[in-house]
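Okay, here's what each chain looks like letter by letter:
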Amino acid sequence: MKKKSIFNSLLFKLVFGIILGIFIGRVSNETLMMIFDTIKSVLGQLIFYAVPIIILGFITPAIVSLSEDAGKVLTTTLVICYLSSIGAAFFSLIVGNAVIPSLNIASEVAGQREIPESIFKLGIDPLMPVMTALVTSIIFGLAVVWTKSETFTKLLKEFNNITLEIVNRVIIKILPFFIFTTFAELSYTGVINEQLPVFIKIILIVIVMHYIWLALLYGIGGAISKTNPMEVLKHYGPAYVTALGTMSSAATLSVALKQARKAKTLDAKIRDFVIPLCSNTHLCGSVLTETFFVMVVSQILYGKIPTMGDMILFILLLGIFAIGAPGVPGGTVMASLGLIISVLGFGDNGTALMLSIFALQDSFGTACNITGDGAIALMVTGLFKKVPKEEVKLEENI
């Protein structure tokens, strides 16, 4: 088989889109940005329209394939997601208490240019909300298992194949353009050029913590499955870069599934169930980041880090909120604003600054989330001692 050029790979297209977007955004005028914003809006709506379909098309057939083990796999996966999230948060708490008091971090946020209004707006609403799709896929899948319906089992397998084609022929193709327009906007508004340097210290610290946590997760996954975790991790490059551009675990789901299917050590049935499930329930990177940033903002505005008791309560509740948070840009922090206000006592200035800082690194937190899902799938594969028997072939364009 002829080896494809790196220039045709999705990873190259995504990185090129990011670099080109940053450059174009810096030199663009309002007219160009109106066009880019319109394109971004349409492509983004197409991507998010497909997310519930992808969840239904992968999780439901996967549950049916798991048969009697479906309930056990679901419970185990959710428990692991929660433990990973609060574990990452406690790790962040320890590092934050050790590092934050010695940092000199400015709280001023540079002004931004506004994105001009789109030329036109096209409403492409998803068939249902992401969490509705997630709950529907689980309940419907379990019902098919309980009733042993052969007709729906066959239909769901066909639906899975149809969904794969949607991913390959539509979502994967438009992602580089969506990421290009996203970074063009970030560059135009000044987020990349002006705001990022203000918080470069804390963002770099958080990114390093992401990598440490991912290394720990994959180490545990390898130990539980008794396999080399690099067999899974090495395929996640395109998914990581996609997450950097989309800032959304849900929008990156198609690429994550595509890449995870290349890992020989993941059981096919567990993989197709766990990866879509984790895209909305495993937000370890976002939780780690939010924990660190609430401590930073508290130090900046209130002159001290929240008490240990308040932080522990915040983390335990945040882990629950993260499981229910939507896998969209800023989903975790938006879902947990009530905790930030009620448990930590943040006022309007605190929540505003928290949202601003979180937005600057949201792409890296999302990339950590989506990459960590592969480690969760490896753990579940090992726990249920599932030996991969066959790999479903996808279009080789990465």
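Residues numbered from 1 in each chain as written. Predicted model: local features only at pLDDT ≥ 70, side-chain atom pairs only at ≥ 80, totals over all residues. Heavy atoms only, no water.

1. Some points on the pattern of salt bridges
Here comes step 1: Considering all chains together, one arrives at five salt bridges under this definition.
Here comes step 2: For the salt bridge of Lys-40 with Glu-185, the shortest nitrogen-to-oxygen distance reads 3.8 Å. Here Lys-40, found in helix H2 (residues 30-66), pairs with Glu-185, found in helix H5 (residues 150-189); they are 145 residues apart in sequence, far enough to count as distant.
Here comes step 3: The partly exposed category is assigned to Lys-40, whose relative accessible area is 22%.
Here comes step 4: Where Glu-231 meets Lys-234, a salt bridge forms, and the shortest distance between an N and an O atom there is 3.1 Å.
Here comes step 5: Each of Arg-261, Arg-271 and Asp-272 takes part in one network of salt bridges that share partners. (Salt bridge = Lys/Arg side-chain N within 4 Å of Asp/Glu carboxyl O. Helix = DSSP H or I, 4+ residues; strand = E, 2+ residues; numbered from the N terminus. Buried < 20%, exposed > 50% of the residue type's maximum accessible area, 1.4 Å probe, protein only.)

2. Notes on unusual backbone geometry
Here comes step 1: One non-glycine residue, Lys-148, lies in positive phi territory at about 55 degrees.
Here comes step 2: Its place among the elements puts Lys-148 in the loop between helix H4 (130-147) and H5.
Here comes step 3: Relative accessible area serves as the criterion here: at 65%, Lys-148 is assigned to the exposed category.
Here comes step 4: The backbone phi angle of Lys-226 is positive, close to 60 degrees, even though this residue is not glycine.
Here comes step 5: In this structure, Lys-226 sits in the loop between helix H7 (200-225) and helix H8 (230-233).

3. Quick word on the packing of aromatic side chains
Here comes step 1: Counted according to the given criterion, the structure contains five aromatic pairs.
Here comes step 2: A centroid spacing of 5.3 Å and a plane angle of 85 degrees characterise the contact between Phe-36 and Phe-180, whose relative ring orientation is edge-to-face. Remark: Phe-180 occurs in helix H5 and Phe-36 occurs in helix H2; sequence separation between them is 144 residues. Of the two residues, Phe-36 and Phe-180, both sit in the buried class. (Phe/Tyr/Trp six-rings, centres within 6.5 Å; stacked < 30°, edge-to-face > 60°.)

4. Observations concerning the confidence of the model for the protein
Here comes step 1: Taken over all residues, the pLDDT of the protein has a mean of 79, while the share at 70 or more is 83%.
Here comes step 2: When mean pLDDT is taken per element in the protein, H8 scores highest with 92 and helix H6 (residues 191-198) scores lowest with 56.
Here comes step 3: Note on residues 106-110: pLDDT is under 50 here. Beyond four places in sequence and across chains, it has 13 contacts.
Here comes step 4: Every residue in residues 389-398 is under pLDDT 50, and counting partners more than four places away or in other chains gives 32 contacts. (pLDDT = per-residue confidence, 0-100. Contact = heavy atoms within 4.5 Å.)

5. Brief notes about the packing of H7 against helix H12 (residues 284-302)
Here comes step 1: Remark: H7 packs on H12, axes separated minimally by 10 Å, with the N-to-C direction vectors making an angle of 145 degrees. The interaxial crossing formed by H7 with H12 has right-handed handedness. Taken together, the residues of H12 that come into contact with H7 (itself represented by Ile-202, Ile-203, Ile-205, Val-206, Met-209, His-210, Trp-213 and Leu-217) are Cys-284, Gly-285, Leu-288, Thr-289, Phe-292, Phe-293 and Val-296.
Here comes step 2: A per-class count over the contact of H7 with H12 returns 12 nonpolar, three polar and no charged. (Axes fitted to C-alpha atoms, helices over the stretch in contact; angles between N-to-C directions. Left-handed = near helix turned anticlockwise from the far one by under 90°. Nonpolar A, V, L, I, M, F, W, Y, C, P; charged D, E, K, R; others polar.)

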